[in-house]
Amino acid sequence: MKTRRTSPARKRPCVEPPCRPLFSHPVTLSSYHLVILVLLAGCTSRPRAPALEDGAVYANDREGLRFLVPDGWSQQAKADVPPGPVVKERVLVLYRTFKSKPPASFTLSLADLPEETNLSEYLAGPSVGVDWHLTGPPEPIEVGGAAARRFVLSGRSGNQPLTREVVAVPRGARTYFFSGNFGTADKARQEHVRGAVASVRWLR
């Protein structure tokens, strides 16, 4: 995921050039450039997080889905999940809007959960400093023609009441979570989140 953080110091794969001249004989401009290109290739061969983008549509060909991004929301994080089982929930993309108080967020994540997983228990509890409680039983809905359930949870951040809506969509062994967090009285952001979920289309 593309985040900003400070990593512990570690050995760099590309060392600084020595103090003595790099070449003991004259080199032409073209051969010098070739050496620089080789060094740069070695420095940039590490995996990189996908670039953030603020397009009107989020599409993920690997997972086979797309949806419309709510107007005024900006992409804050994005990741590609490597092939293989995902035993711990991973975020694919995160959007936020700061036009509301408190700011609202919309997240798409996924996990390969055991069949016996109780999603009500899985979703409730502490998360990002908020203790979430289910407000009632989940609501059966459809997302892009696939059976899904909407869980509504409530919590507080200081004196601010918050609502979290999570739409869980099982697709084979994988479950996709479309999660919106917003102020409980913020009906506009609730509609934005629900509109994004309603726009989901499965590509396969």
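Before any of the text, the structure's been laid out above.
Each chain carries its own residue numbering, running from 1 in the written order of its sequence. Only residues with pLDDT of at least 70 are given local features in this predicted model, and only at 80 or more are side-chain atom pairs given and counted; all residues enter the totals for whole chains, interfaces and linings. Note that the side-chain values use all heavy atoms of the structure and ignore hydrogens as well as water.

*Asks:* How should the side chain of Gln190 be read in this particular structure?
*Replies:* Numbered from the N terminus, helices here are DSSP runs of H or I no shorter than four residues, and strands are runs of E no shorter than two. Checked against the element boundaries, Gln190 lands in helix α3 (residues 187-198). Should any heavy atoms of two residues lie within 4.5 Å, those residues are considered in contact. Setting aside residues up to four positions removed in sequence, Gln190 forms contacts with Glu165 and Phe182.

*Asks:* Would you take a moment to explain the layout of surface pockets for this structure?
*Replies:* Using a probe with the size of a water molecule, rolled over the atoms, empty space left in the structure can be pinpointed. Computed from the structure, the largest pocket encloses a volume of approximately 890 Å³. Using a 1 Å grid laid over the protein atoms alone, points where a 1.4 Å probe fits but cannot get out form a cavity; open sets with protein on both sides within 12 Å along at least 5 of 7 lines form a pocket; any residue with an atom within 4 Å of a point counts as lining. Contributing to the lining of the largest pocket are 30 residues, with Ser105, Thr107, Ser127, Val128 and Asn181 lying nearest its centre. Listing elements by their share of the lining of the largest pocket, those giving two or more residues are β4 (90-97), β5 (104-111), α2 (119-123), β6 (125-127), β7 (130-134), β10 (160-171) and β11 (174-183). Each residue is assigned to one of three groups, with Ala, Val, Leu, Ile, Met, Phe, Trp, Tyr, Cys and Pro labelled nonpolar, Asp, Glu, Lys and Arg labelled charged, and all others, Gly among them, labelled polar. For the lining of the largest pocket, the class distribution of residues is 17 nonpolar, ten polar and three charged. Grid points are joined across faces, edges and corners, and a volume is the space filled by probe spheres set on the points.

*Asks:* Explain the packing of aromatic side chains to me, please; I cannot follow it from the model alone.
*Replies:* In this description, an aromatic ring pair is defined by two values, namely the gap between the centres and the angle between the planes. Only rings of Phe, Tyr and Trp enter the pairing, Trp through its six-membered ring, and a pair is recorded when the two centres are within 6.5 Å. The plane angle decides the type: under 30 degrees is stacked, over 60 is edge-to-face, the rest tilted. Applying the stated criterion across every chain yields a total of six aromatic pairs. A ring pair is formed by Phe67 and Tyr95, whose centres lie 6.3 Å apart and whose planes are at 75 degrees; its orientation type is edge-to-face. Of this pair, Phe67 sits in strand β2 (residues 65-68) while Tyr95 sits in strand β4, and the two are 28 residues apart along the sequence. The pair Phe67 / Tyr95 is uniform in exposure class, with both members buried. Look at Phe67 and Phe106: their rings are 5.5 Å apart centre to centre, the planes differ by 90 degrees, and that puts the pair in the edge-to-face class. Of this pair, Phe67 sits in strand β2 while Phe106 is found in strand β5, placing the two residues 39 residues apart along the sequence. Only protein chains enter the accessibility calculation, which uses a 1.4 Å probe; a residue is then buried when its area is under 20% of its type maximum, exposed when over 50%, and partly exposed in between.

*Asks:* Looking at this model, I keep getting lost on the sheet that holds β2. Mind explaining?
*Replies:* If you trace the three strands from one edge of the open sheet to the other, you get β1-β2-β12, paired in antiparallel fashion. The open sheet terminates on both sides in strands that have one partner only, identified here as β1 (57-60) and β12 (201-202). By the convention used here, strands pair only if DSSP detects at least 2 bridges between them. Across two bridges, the pairing between β2 and β12 is antiparallel. Within the sheet, the bridge partner assigned to Leu65 lies in β12 and is Trp202.

*Asks:* It is not clear to me how α3 should be interpreted in this structure. Could you clarify?
*Replies:* Since the α-helix turns once every 3.6 residues, residues separated by three or four places project in the same direction. Its twelve residues place the ends of α3 16 Å apart at the C-alpha level, agreeing with the 16 Å of an ideal helix rising 1.5 Å per residue. Taken as a whole, α3 has its buried residues at Arg189, Gln190, Val193, Ala196 and Val197. The arc that holds the buried residues of α3, viewed along the axis, is 125 degrees, so those residues lie on one side. Within α3, the exposed residues directed more than 90 degrees away from the buried face are Lys187, Glu191 and Ala198. A helix is expected to span 1.5 Å for every residue after the first. Our arc is simply the arc of the directions from the helix axis toward the C-beta atoms.

Geometry only, nothing functional implied.
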